[in-house]
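Letter by letter, the chains look like this.
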Amino acid sequence: MKNTIAFLFIFLTITSYAQKKWTLQECISYAMKNNLTIHQGDLNKKIQDYQLVSAKKEKLPGVSATISNNTNFGQSQDVFGNSQRNDNFNNSANVGTNILVFNNGRLEKNIRKTEFDVQASQYDVEKTKNDISVQIAQQYLNILLNREVEKINRSAYENAVKVYDRAKITTEVGTTALTVLAEAEAAKAREYQNVKSAEVNTKNSLFSLAMLLQLEDYRSFDVADAPDIKEIASSLFTTDDVLAKAYESQPQIKAAESRIRSAETQTDVVKTQYWPSITASAGIGSYYYNSLVTNNIGYSGNYIKEKDFFRQYSDNFGQQIGLSASIPIFNKGLTRIQVEQAKINEDIARNSLLLEKQDVLKNVQQAQYSAENYYEVYKAAVEAEKSSALALDYAEKSYAAGRTTIYDVNTARNNYASAQGNTAQAKFNYIFQQKLIEFYAGIPLSL
């Protein structure tokens, strides 16, 4: 009984997943959480985060402890030329700390520079997310377009079937020739082929989106139908409005600006090498000495008794404190060269910002230009579709009255199907360009 319930649960889970239809927002949300390229960017961002933590910790004092043990064996000679054994054991322990007192703000400037690097890496992640979102939206609209073309072809096929059925009846009763039936059958076959081709195109576009989302179970992947868009209007945004918003909000622009500030701060960091560095240090320590010679006799002839370990450590305990300065005098002009290199990096960062703005300008102008053209094409396609529909209606009525041939009907039907496809193509091309414009204007992608 338990096995049966478990099987039914798994079956229903799989079935419900297979029947799920993804919206555009769900596709984008899934990619934001699971896309490996985005995940790679997040990992790079974490590296920058740890570099910032490391930069901040450089301001803390460094503390270290050392313990050493040394044993010596062999002969030694005193100042009078007398030789004697010098076997001994030495132990010492020290704890010291040092802290940078002055370096003309090098640590603080390096922290600010790293903060700008962190900002740039975060904007890089956002740029990757935006790119993938646009790709998903484009592929999603391509699926919807293929589905609409599929509906158009299926409707044409259904009409071709009706004409064929009517031609079959009239041919059987002898009112029309066999050539009429043959042409009707050929037309039906052509429309059926168009339906199958449209179905394959829809499946291919679904597969492409599933691969973009990096889904393993691509066969059960499907998307939800968008709201039926009967009419579309021209864009309400001007190019200048979109550009002004894009320059403020697009992450690639912000990343380039952060890298300019990082490069400028790096120049300040390098310039601190002209200044001296002052370091304070402090430490405590003690040591233990033990002669390993059994007949340890002093110069007075008396036997020398070694103090025990803890007594020596107590007697030999000492402290030290110090202040040192490192003053640059001459380093072959390397600091000056490094400063000039840092300034060149500033120019590179500024030029990168100009390149990013130029790229955004090109993309916005291209989207605006394409949207305007597609809108005009769409309006013309709508009029052509209306005329083709009227022509098809006249052809079908004339054929039913016996005044035209089936060839005229098929020609009118093909023209109407072609006009419908052109309208759908222009409509979805315009919608994508319009969504792209809205995206650059700071409006999230949606249908």
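Details of the structure are given in the entry above.
Thresholds applied
- Residues numbered from 1 in each chain as written.
- Predicted model: local features only at pLDDT ≥ 70, side-chain atom pairs only at ≥ 80, totals over all residues.
- Heavy atoms only, no water.
- Helix = DSSP H or I, 4+ residues; strand = E, 2+ residues; numbered from the N terminus.
- Expected span 1.5 Å × (residues − 1).
- Core = buried A, V, L, I, M, F, W, Y, C linked by side-chain atoms within 4.5 Å.
- Buried < 20%, exposed > 50% of the residue type's maximum accessible area, 1.4 Å probe, protein only.
- Contact = heavy atoms within 4.5 Å.
- Pairing = 2+ DSSP bridges.
- Axes fitted to C-alpha atoms, helices over the stretch in contact; angles between N-to-C directions.
- Polar contact = N/O pair within 3.5 Å; in protein donor to acceptor, adjacent residues only side chain to side chain.
- Phe/Tyr/Trp six-rings, centres within 6.5 Å; stacked < 30°, edge-to-face > 60°.

1. A closer look at helix α9 (residues 334-400)
Link 1 in the chain: Given a rise of 1.5 Å per residue, 67 residues ought to cover 99 Å, and the 95 Å separating the end C-alpha atoms of α9 matches this to within 8%.
Link 2 in the chain: With its phi angle positive at about 80°, Gly402 sits one or two positions after the end of α9.

2. Some details on the nonpolar core
Link 1 in the chain: Counting 52 residues, the largest nonpolar core has Cys27, Ile136, Tyr140, Leu209, Leu213 and Phe221 as its most contacted members.
Link 2 in the chain: If you list the elements that add at least two residues to this core, you get α2 (24-34), α4 (106-172), α5 (178-212), α6 (239-249), α7 (251-271), α9 and α10 (406-440).
Link 3 in the chain: If we skip the residues at most four places from it in the chain, Ile136 touches Leu24, Cys27, Ile28, Ala31, Leu209, Leu212 and Leu213.
Link 4 in the chain: Val180, Ala395, Val409 and Ala412 belong to the second-largest nonpolar core, a separate cluster that totals 12 residues.

3. Topic: the sheet that holds strand β1 (residues 62-72)
Link 1 in the chain: The strand order β1-β4-β5-β6 describes an open sheet built from 4 strands, whose pairing is antiparallel. The outermost strands of the open sheet, each flanked by one partner alone, are β1 and β6 (318-326). Across the sheet, the mean angle from the axis of one strand to that of its neighbour is 20°, orientation sign disregarded.
Link 2 in the chain: In this structure, strand β4 (residues 88-102) lies alongside strand β5 (residues 277-291), joined through 14 bridges in antiparallel fashion. Considered in β5, the bridge of Phe102 is made with Ile278.

4. Topic: the side chain of Glu199
Link 1 in the chain: Tracing the chain through its elements places Glu199 in helix α5.
Link 2 in the chain: In this structure the side chain of Glu199 is engaged in a polar contact, spanning 3.0 Å, whose partner is the side chain of Arg154.

5. Thoughts on the packing of aromatic side chains
Working definition: an aromatic ring pair is given by the centre-to-centre distance plus the angle between the planes.
Link 1 in the chain: Under the criterion given, the structure shown has 11 aromatic pairs.
Link 2 in the chain: Judged by centre distance (5.0 Å) and plane angle (80°), the rings of Phe207 and Tyr218 are edge-to-face. In this pair, Phe207 sits in helix α5 while Tyr218 sits in the loop between α5 and α6, placing the two residues 11 residues apart along the sequence.
Link 3 in the chain: Where Phe439 meets Tyr440, the ring centres are 5.9 Å apart and the plane angle is 70°; that geometry is what we call edge-to-face. A single burial state applies to Phe439 and to Tyr440, both of which are buried.
Link 4 in the chain: By the ring-pair criterion, three or more aromatic residues cluster together here, those being Phe89, Tyr288, Phe309, Phe310 and Tyr313.

6. Digging into the side chain of Thr272
Link 1 in the chain: Looking at where Thr272 falls in the secondary structure, it is placed in the loop between α7 and β5.
Link 2 in the chain: Other than its neighbours up to four places away in sequence, Thr272 contacts Asn103, Asn104, Arg106 and Lys109.

7. Quick notes on unusual backbone geometry
Link 1 in the chain: Notably, Asn104 is not glycine yet its phi reads approximately 60°, a positive angle.
Link 2 in the chain: Mapped onto the elements of the fold, Asn104 is located in the loop between β4 and α4.
Link 3 in the chain: Accessibility expressed as a relative area gives 23% for Asn104, which makes it partly exposed.
Link 4 in the chain: One non-glycine residue, Gln214, lies in positive phi territory at about 60°.
Link 5 in the chain: In this structure, Gln214 sits in the loop between α5 and α6.

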